[in-house]
Amino acid sequence: MFLKSYIYNKRCVSLLLWAFFAFYALAQTTLSHTDRTAKTHVAPSYFGPNAFPVPDMLDDAVSSELEVKLRGDWFRGDYGDHTGSLMASLRVPVFTPRANLVLWMPVIEGYHLSTRWMEHAPIDPSTPRRGNAIGTLFISTDILLMRENARRPAMAVRAGMKSASEDDWTAARYYDCPGYFFDMAFGKDFAIRSSVLQSLRIGISGGFLCWQTDNARQNDATMYALKATARFRHLCITQDIRGYFGWEKDGDCPAVMKTTVESRIKRFTPFAEYQKGLHDYPFQQFSVGIKANFDILSKQRRPKK
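Let me sum up the structure you'll find in this document. Each chain carries its own residue numbering, running from 1 in the written order of its sequence. In keeping with the predicted nature of the model, local features appear solely for residues at pLDDT of at least 70, side-chain atom pairs appear and are counted solely at 80 or more, and the whole-chain, interface and lining totals rest on all residues. Side-chain measures were taken over the full set of non-hydrogen atoms in the model, leaving aside hydrogen atoms and water.

Attention now moves to the overall build of the protein. Strands here are runs of E lasting at least two residues and helices are runs of H or I lasting at least four, both read from the DSSP assignment and numbered beginning at the N terminus. When helices and strands are tallied, the protein shows three helices and 13 strands. Only protein chains enter the accessibility calculation, which uses a 1.4 Å probe. A residue is then buried if its area is under 20% of the maximum for its type, exposed if over 50%, and partly exposed in between. Residues classed as buried in the protein amount to 47% of the 305 residues present. Contact between two residues is taken to exist if any of their heavy atoms lie within 4.5 Å; hydrogens are not considered. Across the protein, contacts joining residues at least 24 apart in sequence account for 60% of those joining residues at least 6 apart. The method behind every accessible area is Shrake-Rupley, applied with a 1.4 Å probe, and residues are considered shielded solely by the protein chains displayed. Summing over all exposed atoms, the protein offers an accessible surface of approximately 16200 Å²; the carbon and sulfur share of this is 63%.

Following this line, the structure appears as structure tokens:
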């Protein structure tokens with residue numbers, strides 16, 4: 001048993017290290033002389049809501065099942081702008097229920113830019129007010145390092161990257177530059193003796209996030225998140241607060257608060273979300289969607305006859 005656990009942990013660490021070196025190599029830029037006190041405005045406060053949003057908290061997201069999710073979003077900007085987008089994500093268990101490969105991106109978004117937003121961003125006045133854009137692809141490797149028990153919480157780590165796949169950034173919808181993040185999360189369930197509430201889960205996480213801002217530097221940020229999940233018989237309500245602190249201090253310290261309500265019906269889980277930007281994220285987000293789970297590892301876990 002000890003040898004089996006040692007081999008598994010060694011594979012997890014190797015997988016995480018390979019992800020780290022791959023993401024690090026993809027995010028490198030050529031250094032040149034520049035004024036590092038100059039503001040780049042490459043930050044959440046000056047771009048569209050899907051440019052580099054605060055990542056959802058990891059916590060208990062590592063799954064033993066294949067998960068497919070589709071979500072429709074509508075963003076109302078504080079400067080009178082509007083955005084609608086379709087978000088798709090895929091979570092795949094990688095040969096084990098304790099490691100996931102996750103991909104997500106805004107498949108398409110449509111936007112309307114107000115005069116106030118174009119002045120705030122700032123955006124060239126000749127830029128069309130309405131348009132469509134294909135989003136950025138995000139990829140992460142999520143690993144459950146320690147399962148929770150009666151005394152200890154679960155512990156999970158994640159290494160993620162943002163691609164630079166945008167074809168046009170003149171309307172300031174996406175950064176058109178690479179970025180990556182790493183974080184660690186702890187979460188634990190607490191049983192509640194109630195006929196209504198079944199359990200309460202508390203999660204906390206912290207990490208590091210950075211993105212390229214020009215051809216000479218990158219913005220480094222400290223991530224944080226806190227989440228509480230109340231599970232009822234047929235309903236689950238989650239409340240979280242998340243954010244990160246960039247070093248430029250120019251629109252790069254976003255903080256958001258999100259409420260999620262979902263109900264699982266067999267393998268399908270419809271959900272609704274509301275997210276409010278508290279700082280450096282000038283958007284309110286209204287979302288509805290559905291996710292489906294499939295147990296693709298069941299045959300591998302069955303004992304041989």
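A pair is scored as a salt bridge if a Lys or Arg side-chain nitrogen falls within 4 Å of a carboxyl oxygen belonging to Asp or Glu. Overall, the coordinates contain 14 salt bridges when judged by the stated rule. Residue R242 pairs with D56 through a salt bridge whose shortest N-O separation is 3.6 Å. Of this pair, R242 sits in strand β10 (residues 236-246) while D56 sits in the loop between α1 (2-26) and β1 (66-77), placing them 186 residues apart in sequence. Looking at R242, the relative accessible area reads 2%, which means it is buried. Residue D56 is classed as partly exposed on the basis of its relative accessible area of 35%. We note a salt bridge from R158 to D183, for which the minimum N-O separation is 2.7 Å. You can see R158 sitting in strand β6 (residues 154-162) and its partner D183 sitting in strand β7 (residues 179-191), a full 25 residues away along the chain. For D183, a relative accessible area of 7% corresponds to the buried category. Salt bridges here are not isolated pairs; linked through shared partners, they connect D56, D240, R242, K258 and E273.

This paragraph deals with the environment of Y244. With respect to the secondary-structure elements, Y244 resides in strand β10. Residues Y244 and A255, spaced 11 residues apart in sequence, show a C-alpha to C-alpha distance of 6.8 Å.

A few words now on unusual backbone geometry. The residue after A121, namely P122, is reached through a cis peptide bond having omega -15°. Within the secondary structure, P122 sits in the loop between α2 (115-120) and β4 (130-133). Even without glycine at this site, D280 takes up a positive phi of about 55°. The topology assignment puts D280 in the loop between β12 (268-279) and β13 (283-294).

To continue, consider the packing of aromatic side chains. Only Phe, Tyr and Trp rings take part, Trp by its six-membered ring, and two of them pair if their centres are within 6.5 Å. Stacked means planes under 30 degrees apart, edge-to-face means over 60, and tilted covers everything else. Counted under the stated rule, the structure contains 16 aromatic pairs. Geometrically, the ring pair formed by F47 and Y175 is edge-to-face, given 4.8 Å between the ring centres and 80° between the ring planes. Here F47 is found in the loop between α1 and β1, whereas its partner Y175 is found in the loop between β6 and β7, with 128 residues between them in sequence. Classification of F47 as buried rests on a relative accessible area of 5%.

F52, L113, I123, Y175, L209, W211 and Y244 are the most contacted members of the largest nonpolar core, which has 33 residues in total. Those elements giving two or more residues to this core turn out to be β3 (99-112), α2, β8 (197-212) and β9 (218-232). Formed by six residues, the second largest nonpolar core is a distinct cluster that contains L58, V62, L144 and A154. Residues belong to one nonpolar core when they are buried, are Ala, Val, Leu, Ile, Met, Phe, Trp, Tyr or Cys, and are joined through side-chain atoms within 4.5 Å.

It is worth spelling out the pairing of β8 at this point. Sheet faces and side chains relate simply in a regular strand, where the side chains alternate between the two faces. Sheet topology note: the β7/β8 ladder contains 13 bridges and is antiparallel. From the neighbouring strand, F182 faces β8, where its bridge partner is F208. Between any two strands, pairing holds if DSSP finds at least two bridges. Hairpin remark: β7 followed by β8, antiparallel, with five residues in the connecting loop. One ladder, built from 15 bridges, connects β8 with β9; its direction is antiparallel. Bridge pairing in β9 links G203 to K227.

Take a nonpolar patch on the surface next. A residue counts toward a patch only above 30% relative accessible area and without a salt bridge, and it is joined to like-charged neighbours within 9 Å or, for Val, Leu, Ile, Met, Phe, Trp and Tyr, to nonpolar neighbours within 5 Å. Together, L145, M184, F186, F190, I192, I202, I204, L226, I241, M257 and L278 give the surface a local cluster of nonpolar side chains, amounting to about 860 Å² of exposed area. Mapped onto the nonpolar patch, the elements with two or more residues apiece are β7 and β8. With three residues, the top contributor of residues to the nonpolar patch is β7. Secondary-structure assignment places I241 in strand β10. Classification of I241 as partly exposed rests on a relative accessible area of 34%.

Tracing the backbone shows Q285 in strand β13. Taking relative accessible area as the criterion, Q285 reaches 7% and is therefore assigned buried. For this analysis, a polar contact is any N or O atom pair within 3.5 Å, provided that within protein one partner can donate a hydrogen and the other can accept it, and provided that sequence-adjacent residues contribute only side-chain to side-chain pairs. At 3.3 Å, the side chain of Q285 and the side chain of D73 are in polar contact. Leave out the neighbours within four places in its chain, and Q285 touches R71, D73, W74, F75, E273, Y274 and Q275.

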